[in-house]
Amino acid sequence: MSATHDHHPQEKDEGPPSEHEIMSRAMQELLEEKGLITSEQVRRRMELFEQEFPQRGSRVVAHAWADPAFRKRLLADGKAACAQWGLELEADRLIAVENTPQVHNVVVCTLCSCYPRALLGMPPTWYKSESYRRRVVREPRAVLKEFGTLIPGHVSIRVHDSNADMRYVVVPMRPSGTEGWTEEQLASILTRDTLVGVALPKV
Amino acid sequence: MTPSAYTPAPRRRFNVGERVRVKVANPPGHRRTPSYIRGKEGAIERVCGCFPNPEELAYGFDGEPKRVLYRVRFKQQDVWSGYDALAEDFVELEIYEHWLDPA
């Protein structure tokens, strides 16, 4: 096994299906038989989650970097700000939390894997891992260090446990050297991990 | 105005800044209050609004009456004994009103 081909047991596509996969498949077939959904609709939803939704978070935060008025609205009420900007976030109630020179934010769901899917798509495997969920709430600095993210000792850390109905996105600090960048350029450094708070945007 | 996270909760029990303590209880079933925060004291960070009770929704009921949801800010030092970092490190969680008592 090479270093570029990591083994992710949860993502294997071979071998017998798990109990949950069988149940999910059976449920889909029943709903299709009853005419409540179509397989085309299911395919389209999966495509949205995998292709379109992951782009949204970067675009929204890039816009917040570029437009101070939008930034203010986003921090005040994430869902309403996005809707006003033309981005309907379905059921998600969105809370945007901003990093400052004094505060670093990081998001977790200790109970399961709640994640701002409408902005970032499906959560990565590590986000769902018991290790991340258990540890980032009690030793955030150590966990962030393992991600290669060193938070200076004078910067306080806020861990946001999305344990109920809200969803969270981090608004990182805009790095110097990005003056005059287009929103598309800004979005390119706003990777998924920077919006969860385990990494910092780099120029 | 579009639907917002901050739906009003006029008949709520707590306001922003008030000190609260999470109840210590271990009821069976689907609960949205993580064990690690039960019994801990924090302050209301914001009022999220009223939502169908997820502890009822989980069993196919309608979640009525809706419950007020708060975000509560806890000092890490108050949550984990021996937490070794800044006093201003916080963990923030969403707690339903029926899990909170005045501190």
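Below is a summary of the structure that appears in this document. Fair warning: this is a prediction, and the values are worked out from it, not measured in the lab. (Residues numbered from 1 in each chain as written. Chains lettered and ligands numbered in written order. Predicted model: local features only at pLDDT ≥ 70, side-chain atom pairs only at ≥ 80, totals over all residues. Heavy atoms only, no water.)

Let's talk about the overall build of chain A
Basically, it comes down to this: Only DSSP runs of H or I with at least four residues qualify as helices, and only runs of E with at least two residues qualify as strands; both kinds are numbered from the N terminus onward. A simple rule labels every residue: compare its accessible area, found with a 1.4 Å probe on the protein chains alone, to the largest value its type can have, and call it buried under 20%, exposed over 50%, or partly exposed in between. Method for areas: the Shrake-Rupley scheme with a 1.4 Å probe, in which residue coverage is limited to the protein chains shown. Residues scored as positive are Lys and Arg, those scored as negative are Asp and Glu, and His as well as the terminal groups of each chain are ignored. Each charge is placed at NZ for Lys, CZ for Arg, CG for Asp and CD for Glu.
Per the secondary structure count, chain A includes ten helices and four strands. Reading chain A from its N end, one meets helices and strands in the order α-α-α-α-β-β-α-α-α-α-β-β-α-α. Summarising its shape, the C-alpha atoms of chain A cover approximately 55 × 40 × 35 Å along the three principal directions. For chain A, buried positions account for 45% of its 203 residues. Of the roughly 11,100 Å² that chain A leaves accessible, carbon and sulfur atoms contribute 53%. Averaging the positions of the 26 positive and the 28 negative side-chain charges in chain A gives two centres separated by 6 Å.

Looking at the overall build of chain B
Quick reminder of the rule: It only takes one pair of heavy atoms within 4.5 Å for two residues to be counted as in contact.
Looking only at helices and strands, chain B features two helices and five strands. Order of helices (α) and strands (β) in chain B, N terminus to C terminus: β-β-α-β-α-β-β. If one aligns the C-alpha atoms of chain B with their principal axes, the spans along those axes are about 45 × 35 × 25 Å. Counting only residues that meet the buried cut, chain B has 45% of its 103 residues in that class. Sequence-distant contacts in chain B: of pairs separated by 6 or more residues, those separated by 24 or more amount to 62%. Surface accessibility of chain B: about 5,200 Å² in total, with carbon and sulfur atoms responsible for 51%. Positive and negative side-chain charges in chain B, numbering 16 and 15 respectively, have mean positions lying 3 Å apart.

Description of the packing of helix α2 (residues 39–66) of chain A against helix α3 (residues 68–76) of chain A
All names here are of chain A. Cut-off, in case you're wondering: Note on geometry: axes are C-alpha line fits, over the in-contact stretch for helices, and angles between N-to-C directions span 0 to 180 degrees. Each angle is binned into one of four classes, with values under 35 degrees roughly parallel, values over 145 roughly antiparallel, values of 65 to 115 roughly perpendicular, and all other values oblique. Under the scheme applied here, ten amino acids are nonpolar (Ala, Val, Leu, Ile, Met, Phe, Trp, Tyr, Cys and Pro), four are charged (Asp, Glu, Lys and Arg), and all others, including Gly, are polar.
α3 packs onto α2 with a crossing angle of 125 degrees between their chain directions and a minimal axis gap of 5 Å. It follows from the interaxial angle that α2 and α3 lie oblique. For the pair α2 and α3, contact is made by V60, H63, A64, W65 and A66 and by P68, F70, R71 and L74, respectively. Partitioning the contact of α2 with α3 into residue classes produces seven nonpolar, one polar and one charged.

Some points on the interface of chain A and chain B
For clarity, the cut-off: Defined here as a combined quantity, buried area equals the accessible surface (1.4 Å probe) lost by two parts on assembly, summed across both. We define a salt bridge as a side-chain nitrogen of Lys or Arg found within 4 Å of a carboxyl oxygen belonging to Asp or Glu. We define a polar contact as two N or O atoms separated by no more than 3.5 Å, with the added condition that, inside protein, one atom must be a possible hydrogen donor and the other a possible acceptor, whereas residues neighbouring each other in sequence contribute only through side-chain atom pairs.
With 28 residues of chain A in contact, the opposing surface of chain B contributes 29 residues. Of all residues in chain A, R138(A), N163(A) and M166(A) bury the most surface against chain B, accounting for 19% of the area lost on that side. The interface formed by chain A and chain B includes one salt bridge. A salt bridge links R141(A) to D89(B); its shortest N-O distance comes to 3.0 Å. Linking chain A with chain B are 20 residue pairs in polar contact (both at pLDDT 80 or more). At the level of elements, α4 (78–84), β1 (93–98), α8 (140–146), β3 (156–161) and β4 (166–171) of chain A are the ones that each hand at least two residues to the side of chain A that touches chain B.

Topic: the sheet that holds strand β2 (residues 103–108) of chain A
To keep things clear, this is the line we draw: Each pair of strands is called paired provided DSSP finds at least two bridges between the two strands.
With mixed pairing, the seven strands of this open sheet are ordered in space as β2(A)-β3(A)-β4(B)-β3(B)-β2(B)-β1(B)-β5(B). In this open sheet, the two edge strands, each paired with only one partner strand, are β2 of chain A together with β5 (100–102) of chain B. In this sheet, adjacent strand axes meet at a mean angle of 35 degrees when their direction is disregarded. Summarising the sheet, β2(A) and β3(A) pair through six bridges and their orientation is parallel. Residue pairing across strands places V108(A) opposite D161(A), the latter belonging to β3(A).

Examining the environment of W65(A)
All names here are of chain A. One can find W65 in helix α2. Once the C-alpha coordinates of W65 and E21 are considered, the two residues, 44 residues apart in sequence, prove to be 41 Å apart. Filtering out sequence-adjacent residues up to four positions away, W65 remains in contact with R71, V171, P172, M173, R174, P175, L186, I189, L190 and P201.

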